[in-house]
Amino acid sequence: MRGETKSAILKSVPFLQSQGEKLTARMYEILFEENPELKGMFESDNSKKLAGALLAYAQNLERLEILEPALNNMALAHVKAGVKPEHYQKVWKALYEAMREMNIPEDIIKGWEEAYWFLAQVLVNKEKRLYECLTVKI
Ligand code: HEM
């Protein structure tokens, strides 16, 4: 990840601490408005967990290995729910729109775009391995 991206993400930490849940709640509203078929994947409101994950990510950019157990849990929850790589673009679009609505400065949104896709790639790779495990026949 580029230095500029990391500093943009770090600048967003106070916002995530005070408004993170409002941001992710709005993100889910937009996601479900635009993709009502995704609603059924969720058993309960995930906005608090997603806000916590984004904050933990922003606070640990320099030591992502700390997040490994949490990322494994997320990947497992995603595979149980049937999350696929193509869903990540829809979630980013909704998060982007929620950030724009909440007047987050453009440089911070740009930083999050890069950081989101970095994290998405980590999750997609873990999920691919889990899906492969599920299809192995012994
Ligand atoms: C970088 C992007 C993402 C992050 C950081 C993230 C984060 C999380 C977290 C923290 C959880 C809770 C895990 C747990 O309960 O242990 C979760 C669950 C879940 N996520 Fe994601 N997620 C991302 C992308 C996606 C995408 C693209 C989808 C597809 C629509 C998705 C759908 C779900 C679902 C369905 C659950 C389970 C919720 C439930 O059982 O109610 N997530 N995610």
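Residues numbered from 1 in each chain as written. Predicted model: local features only at pLDDT ≥ 70, side-chain atom pairs only at ≥ 80, totals over all residues.

Here we look at helix α5 (residues 87-101)
For clarity, the threshold we go by: Comment: elements are numbered from the N terminus, with helices defined as DSSP H or I runs of at least four residues and strands as E runs of at least two. The span expected for a helix works out to 1.5 Å for each residue beyond the first. The exposure scheme places C-beta atoms from the backbone and then counts, for each residue, the other C-beta atoms within 10 Å of its own, assigning buried at 20 or more, exposed at 12 or fewer, and partly exposed in between. Each C-beta atom gives one direction from the helix axis, and the arc is the one those directions make. By the convention adopted here, residues are in contact when the distance between their C-beta atoms, placed from the backbone, does not exceed 7 Å.
Taking 1.5 Å as the rise per residue, α5 with 15 residues should run 21 Å; its terminal C-alpha atoms sit 22 Å apart, in good agreement. Looking only at α5, the buried set comprises Ala94, Leu95, Ala98 and Met99. Taken down its axis, α5 places every buried residue within 140 degrees of arc, on the same side. Counted as exposed and oriented over 90 degrees from the buried face of α5: Gln89, Arg100 and Glu101. If you follow the buried residues of α5, they end up packed against α2 (13-34) and α6 (106-135). Looking one or two places after α5, you find Asn103, whose phi comes out positive at around 60 degrees.

Observations concerning unusual backbone geometry
Residues other than glycine seldom take positive phi values, yet Asn103 does so here, at roughly 60 degrees. Locating Asn103 in the fold gives a position in the loop between α5 and α6.

Focus on the nonpolar core
In plain terms, the rule: A set of buried Ala, Val, Leu, Ile, Met, Phe, Trp, Tyr and Cys residues, joined through C-beta atoms within 7 Å, is what we mean by a nonpolar core.
Within the largest apolar cluster, 19 residues are counted, with the highest numbers of intra-cluster contacts made by Met27, Leu54 and Ala98. Broken down by secondary-structure element, the contributors of at least two residues to this core are α1 (3-11), α2, α3 (47-59), α5 and α6. Look past the residues within four positions of Met27 in its chain and what remains in contact with it is Ala94, Leu95 and Ala98.

Remarks on the site of the ligand
Here is the rule: Here is the check we use: build the C-beta atom from the backbone, and if it is within 6 Å of the molecule or strand, call the residue near. Under this grouping Gly is polar, as are all residues other than the nonpolar Ala, Val, Leu, Ile, Met, Phe, Trp, Tyr, Cys and Pro and the charged Asp, Glu, Lys and Arg.
In the region of the ligand, 22 residues are neighbours, and Glu43, Ala53, Ala77, Ala81 and His87 sit closest. Contributing elements (two or more residues each) for the shell around the ligand: α3, α4 (68-81), α5 and α6. It is α4 that provides the largest number of residues to the shell around the ligand, a total of 5 residues. Residue composition of the shell around the ligand, grouped by class: 15 nonpolar, 5 polar and 2 charged.

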